[in-house]
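Now for the letters of each chain:
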Amino acid sequence: MKDTLFKIEPFEIKEVGVVKELKRGIARIEGLPSCIYGQLIEFGDVTGRKGLVVDFNEKEVMAFILGDEKDIKLGSTVTSRNEVFSIPVGENFLGRVINAIGEPIDDRNPHIENNGFCPVFRRSPGVLDRVPISEQFHTGTKILDSVIPIGRGQRELIIGDRQTGKTTIALDAIINQKDKNVFCVYCWIGGAHSSLMKIIRALEETGALDYTVVVAASASSSAGEQYLAPYVASAVGEYFMYSGRDSFVVFDDLTKHAWIYRELSLLLERSPGREAYPGDIFYLHSQLMERAGRLNAEKGSGSMTFFPIVETLQGDITGYIQSNLVSMTDGQIYISGSLFHEGFKPAIDLGLSVSRIGSKVQSEALREVSDTLRLDYAQYKELLRLMRVKTKLSTEIAEKLRRGEALSRILGQDTHQPVSELAIIILLYAFKRKILEILSPEGLGIFCGQIMGYLEEANPQVLKNLASQKVLSVETKQELDRTFVEFFRAKKVI
Ligand code: ATP
Ligand code: MG
């Protein structure tokens, strides 16, 4: 009896403000005395139109408008709940395309059942909550997995000129996560809607959309949404990380994110700094990058790997945004426009690309077969340069050139055809045994394309051993050598 007497219905405290000024995606609002930075507000006139608090003083609040601003009018009421901005997350979001406030924008069921909410501006895990990165993140790109290995929880920047295959590398990494228990998030910022549709189609066709969430803010979305998209993408990734799983987030791309933030900041009349970017752009991106990592066992052992993409102008990596991002990631994949035009694809420049977590996370077998590759390749490139002026070749040099040519053929790779770790080990082992440079280009093509299938038929045991131990023991090497010879005879490639 006593209980019912004192029971009160749950109630909600709402503050109400009024729109005083509107300018290109930004609203100046009076009222809302207890708002907080990064909080979501709702415009009263249009159901569901939201805004994000980005600046305030005693009298007024500035907010980015999320969505179309046309139907918001001066004098509209604005309401806020005093809670941090969170988006719905959950398993049912896999396979879906959502906008920057977590609402589905594909043409499937408009209501997604969620498993909870995640704050969009979550603080990154502290040092004590983290453990060192120890497991490899397999991208399926031969050059990366062998020479520039990346760990689960690492941040690796993809940097390069326009139209050189940046998106392709990130997409291939998503496609390669099939059956690897890595949940992917693809974040599209400021690009054309038609290009996004192509990417979604590629994910769908390869079955990768089943374990991927796409967060999209195309060029036609409001500036506020484009600004918000990468934070929402990391919140989605964090849902998987904090529930003890591995996640992978691609930001495509952060150059456009910086542009849109510059535009918004200039409208907010914040003072411009270098290249007219606001002073806090470094903080903005580094705060985002900090959210990746591997959690300790107490926090569930989940991880989040980041592939931010950034564009360069004519290969210049010293631009403000580009050099900022280079300094706040654990390495970069540098994509060279000239290599791409020479036909070496993926056009990864082995000289300028690094991974600071590096070979620590590679399996022993993979490390063994790839330890001299970078040097081999650099020497080959140097020789090629010298050969431009010299015509007569000694046999030693001719042999080195043949070897280098074979290597660049082995490392070449078509789009959306990721290669397994086992296949990389086998191919590079064959290269190390110096049996590939004697083949004709066609013969090499046959070897690269068919050797795995042949091994599965002729010698499945050796593959099984290699897959379980990831070590190239003496017996394994002998078995592989024997099978290679058999393959050469059977396919008549020599
Ligand atoms: P943007 O600057 O427009 O974002 P990008 O750098 O992301 O471009 P992609 O869109 O990935 O580049 O690729 C550009 C073109 O190059 C595409 O047509 C793609 O099919 C082709 N391409 C990329 N990688 C390869 C490859 N490994 N082999 C063959 N073609 C490739
Ligand atoms: Mg791209």
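Rules and cut-offs
Residues numbered from 1 in each chain as written. Chains lettered and ligands numbered in written order. Predicted model: local features only at pLDDT ≥ 70, side-chain atom pairs only at ≥ 80, totals over all residues. Heavy atoms only, no water. Near = heavy atom within 4 Å. Polar contact = N/O pair within 3.5 Å; in protein donor to acceptor, adjacent residues only side chain to side chain. Helix = DSSP H or I, 4+ residues; strand = E, 2+ residues; numbered from the N terminus. Nonpolar A, V, L, I, M, F, W, Y, C, P; charged D, E, K, R; others polar. Core = buried A, V, L, I, M, F, W, Y, C linked by side-chain atoms within 4.5 Å. Buried < 20%, exposed > 50% of the residue type's maximum accessible area, 1.4 Å probe, protein only. Contact = heavy atoms within 4.5 Å. Pairing = 2+ DSSP bridges. Axes fitted to C-alpha atoms, helices over the stretch in contact; angles between N-to-C directions.

Q: I tried to follow the site of ligand 1 on my own but got confused; where do I start?
A: Surveying the vicinity of ligand 1 reveals 15 residues, the closest of which are Gln 163, Lys 166, Thr 167, Thr 168 and Gln 413. In the model, an oxygen atom of ligand 1 is placed 2.9 Å from a nitrogen or oxygen of the Gln 163 side chain. Here Gln 413 contributes a backbone N or O atom positioned 2.8 Å from a nitrogen atom of ligand 1. Tallying contributions element by element places helix H3 (residues 166-175) first for the shell around ligand 1, with 3 residues. A per-class count over the shell around ligand 1 returns 2 nonpolar, 7 polar and 6 charged.

Q: Help me understand the nonpolar core, please; the structure alone is not making it clear to me.
A: Grouped burial of nonpolar side chains is what soluble globular proteins tend to show. Core analysis: the biggest nonpolar cluster contains 81 residues, and Ile 174, Phe 248, Ile 426, Leu 436, Phe 447 and Phe 484 have the highest contact counts within it. Looking at this core, the element that brings in the most residues is helix H13 (residues 421-432), giving 10 residues. Contact partners of Phe 248, with chain neighbours within four places excluded, come to Phe 137, Ala 170, Ala 173, Ile 174, Val 182, Phe 183, Cys 184, Val 185, Thr 305 and Phe 307. Residues Ala 100, Cys 118, Leu 254 and Ala 292 belong to the second largest nonpolar core, which totals 62 residues.

Q: Help me understand the side chain of Asn 324, please; the structure alone is not making it clear to me.
A: One can find Asn 324 in helix H8 (residues 320-328). Under the relative-accessibility criterion, Asn 324 is labelled buried at 8%. Apart from the residues lying within four places of it in its own chain, the contact partners of Asn 324 are Ile 281 and Phe 282.

Q: Any chance you could explain the sheet that holds strand S1 (residues 14-23) here in plain terms?
A: What holds strands together in a sheet is hydrogen bonding between their backbones, with the strands either parallel or antiparallel. Spatial strand order, S1-S2-S5-S4-S3-S6: 6 strands in a closed barrel with antiparallel pairing. Strand-to-strand twist in this sheet, taken as the mean axis angle between neighbours without regard to direction, amounts to 45°. In the sheet, S1 pairs with strand S6 (residues 77-84) via 5 bridges, with the strands oriented antiparallel. Across the sheet, the residue bridging to Gly 17 is Val 78, located in S6.

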